[in-house]
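Structural overview for review
Listed below are the residues making up each chain.
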Amino acid sequence: MLDAKLETLLTVAECKSFTKAAKILSLTQPAVSHHICQIEKECGAALFFRGKGEFKLTAEGEIALTYARRLKALHQKMLLKIADEQRRISRFRIGITHTSENNTITEALASYAKENGGISIMIITKPINILYDMLENYELDIAIVEGKRLSSRLNYFMLDTDCLVCVLSNENRLSKQSMVTINELKGENMILRLPSSATRQLFEASLLSMNESIENFNVTLEVDNVATIKDLVRKDLGISVLPKSACMNDVNRGKLTVLPIENLSMMREMNIAYNKDFSHLDALKDIVRYYQLLIKKL
């Protein structure tokens, strides 16, 4: 049912080659070229630069690709919804950040699926900006994110509040203190999230509010995965700044120490983001309820 020309556009954009796309689609190269020319005629614009040695999307091509992705995702969602209706199964594609992957939310989702027969959940872990793109393209049903992105297409349901803390090994000389200072942080090797992460951006913004810069700290390692960072910190290879929620299981088991940082109040909301036409608000409320029950047990 999805227009074959759109599938060709998506494949050509991914392969950056008409020849490779033709092989994947089991078409001839002239057929692929014809599909692209037809779309360009409909759009009234060239979608690809075809200069020698250069193959990339034009600005108009980027727009066309965005909507082609959205149409494909909606088509796949339609087929899934029909199949689910026939089997009486509710399926949710839920995006979470690398931070959320390591806290109570995944346990809450598993409990919700286990105790509600016929519920199927797919958890997709991506950086926050990609989650927002996937959500707006209907490749996700909901996303659990830190903070909010201003968008006229999205609504939010607050799940919890969280704060960033200094994370140390139990052997670190600072671990016996009640808090750490900025100057003490400067004396330590730091293992931080990537600059594109919401955690890192909040930390750097908080430093700027105190006329400090990340350049004044000894950042020896930047890692995308929160579990890897905690493992390195446990081995006393450096300290980090992470969301408290991502560390509490380790703290309760006596594996890590977390401390507040003097004069830095790094609070943030953890929200469930969803498109305004999302129709399963009762499911969101149930997920929040399971999450809150687990939090009370910690």
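Scroll up to find the structure.
Structure report, in brief. These figures come from a predicted structure and were not determined experimentally.

1. With respect to unusual backbone geometry
Not every positive phi belongs to a glycine, and Lys16 is a case in point at roughly 55°. The class for Lys16 is exposed, based on a relative accessible area of 54%.

2. Considering helix α3 (residues 29–43)
Spanning 15 residues, α3 covers 21 Å between terminal C-alpha atoms, matching the ideal 21 Å at 1.5 Å per step. Listed in full, the buried residues belonging to α3 are Val32, His35, Ile36, Ile39 and Glu40. What you see down the axis of α3 is that its buried residues fit within an arc of 135°, all on one side. Exposed residues lying more than 90 degrees from the buried face of α3 are Pro30, Lys41 and Glu42. Residues of α3 that are buried sit in contact with α1 (4–15), α2 (18–25) and β1 (48–49). Two residues or fewer after α3 comes Gly44, characterised by a positive phi angle close to 70°.

3. Focus: the pairing of strand β11 (residues 267–275)
When you tally the buried positions in β11, you get 7 out of 9 residues, the bulk of the element. Sheet topology note: the strand β5 (residues 142–146)/β11 ladder contains 5 bridges and is antiparallel. In the sheet register, Val145 faces β11, and the bridge partner there is Asn271. As judged from the 9 bridges shared by strand β6 (residues 154–168) and β11, these two strands associate in the antiparallel manner. Looking at β11, one finds that Cys163 is bridged to Met267.

4. Observations regarding the packing of aromatic side chains
Pairs of aromatic rings are described using the distance from one ring centre to the other and the angle between the two planes. Enumeration over the complete set of coordinates arrives at 5 aromatic pairs. On the numbers, 6.3 Å between centres and 75° between planes, the contact of Phe18 with Phe48 is edge-to-face. Taken together, the positions of Phe18 in helix α2 and Phe48 in strand β1 put the pair 30 residues apart, joining distant regions of the chain. For the pair Phe18 and Phe48, a shared accessibility class is recorded, and that class is buried.

5. A short note on the nonpolar core
The biggest cluster of nonpolar side chains holds 22 residues, and the ones touching the most others in it are Ile94, Ile105, Ile142, Ile144 and Leu159. When residues of this core are traced back to their parent elements, those giving at least two are β3 (90–96), α5 (104–115), β5, β11 and α11 (281–297). By residue number, the principal contributor to this core is α11, which donates 7 residues. Core analysis: the next-biggest nonpolar cluster, separate from the first, contains 19 residues, Leu174, Leu192, Ile214 and Ile261 among them.

6. Side note on the packing of α1 against α3
Interhelical geometry of α1 versus α3 gives an angle of 105° and a closest axis separation of 9 Å. Considering the angle they form, α1 stands roughly perpendicular to α3. Contact with α1, carried on its side by Ala4, Lys5, Leu6, Thr8, Leu9 and Val12, involves Val32, His35, Ile36, Gln38, Ile39 and Glu42 of α3 and no other residues of that element. Residues of the contact of α1 with α3, tallied by class, amount to 7 nonpolar, 3 polar and 2 charged.

7. What about empty space enclosed by the protein?
Taken as a whole and judged by the stated rule, the model has 4 cavities of 30 Å³ or more. Each pocket or cavity is described by its volume, and for the largest cavity that value is around 60 Å³. Lys77, Leu80, Lys81, Asp84, Arg91, Arg93 and Asp141 together form the lining of the largest cavity. Of all the secondary-structure elements, those providing two or more residues to the lining of the largest cavity are α4 (59–87) and β3. Broken down by element, the residue count for the lining of the largest cavity peaks at 4 residues, all from α4. A per-class count over the lining of the largest cavity returns 1 nonpolar, no polar and 6 charged.

8. A few points about the pairing of strand β8 (residues 218–222)
One ladder, built from 4 bridges, connects strand β7 (residues 189–192) with β8; its direction is parallel. Counted as the bridge partner of Asn189 is Asn218 from β8. Following the chain from β7 across helix α8 (residues 198–208) to the adjacent parallel β8, one finds a crossover that is right-handed.

9. Structural notes on α1
Over its 12 residues, α1 runs 16 Å from end to end, which matches the ideal 16 Å to within 8%, given 1.5 Å per residue. Among the 12 residues in α1, 9 count as buried, and that is most of the element. Listing the buried residues of α1 in full gives Lys5, Leu6, Thr8, Leu9, Leu10, Thr11, Val12, Ala13 and Cys15. Backbone nitrogen of Lys5 and a side-chain oxygen of the N-cap are separated by 2.8 Å at the start of α1; the cap is Asp3.

10. Some details on the environment of Asn183
By secondary structure assignment, the location of Asn183 is in helix α7 (residues 182–186). Between the alpha carbons of Asn183 and Glu262 there is a distance of 9.9 Å; along the sequence they are 79 residues apart.

Cut-offs applied
Residues numbered from 1 in each chain as written. Predicted model: local features only at pLDDT ≥ 70, side-chain atom pairs only at ≥ 80, totals over all residues. Heavy atoms only, no water. Buried < 20%, exposed > 50% of the residue type's maximum accessible area, 1.4 Å probe, protein only. Helix = DSSP H or I, 4+ residues; strand = E, 2+ residues; numbered from the N terminus. Expected span 1.5 Å × (residues − 1). Arc of directions from axis to C-beta. Contact = heavy atoms within 4.5 Å. Pairing = 2+ DSSP bridges. Phe/Tyr/Trp six-rings, centres within 6.5 Å; stacked < 30°, edge-to-face > 60°. Core = buried A, V, L, I, M, F, W, Y, C linked by side-chain atoms within 4.5 Å. Axes fitted to C-alpha atoms, helices over the stretch in contact; angles between N-to-C directions. Parallel < 35°, antiparallel > 145°, perpendicular 65-115°, else oblique. Nonpolar A, V, L, I, M, F, W, Y, C, P; charged D, E, K, R; others polar. 1 Å grid on protein atoms, 1.4 Å probe; cavity = no way out; pocket = protein on both sides within 12 Å on 5 of 7 lines; lining within 4 Å. Points joined across faces, edges and corners; volume = space filled by probe spheres on them. Right-handed = clockwise from strand over helix to strand, strands pointing away. Polar contact = N/O pair within 3.5 Å; in protein donor to acceptor, adjacent residues only side chain to side chain.

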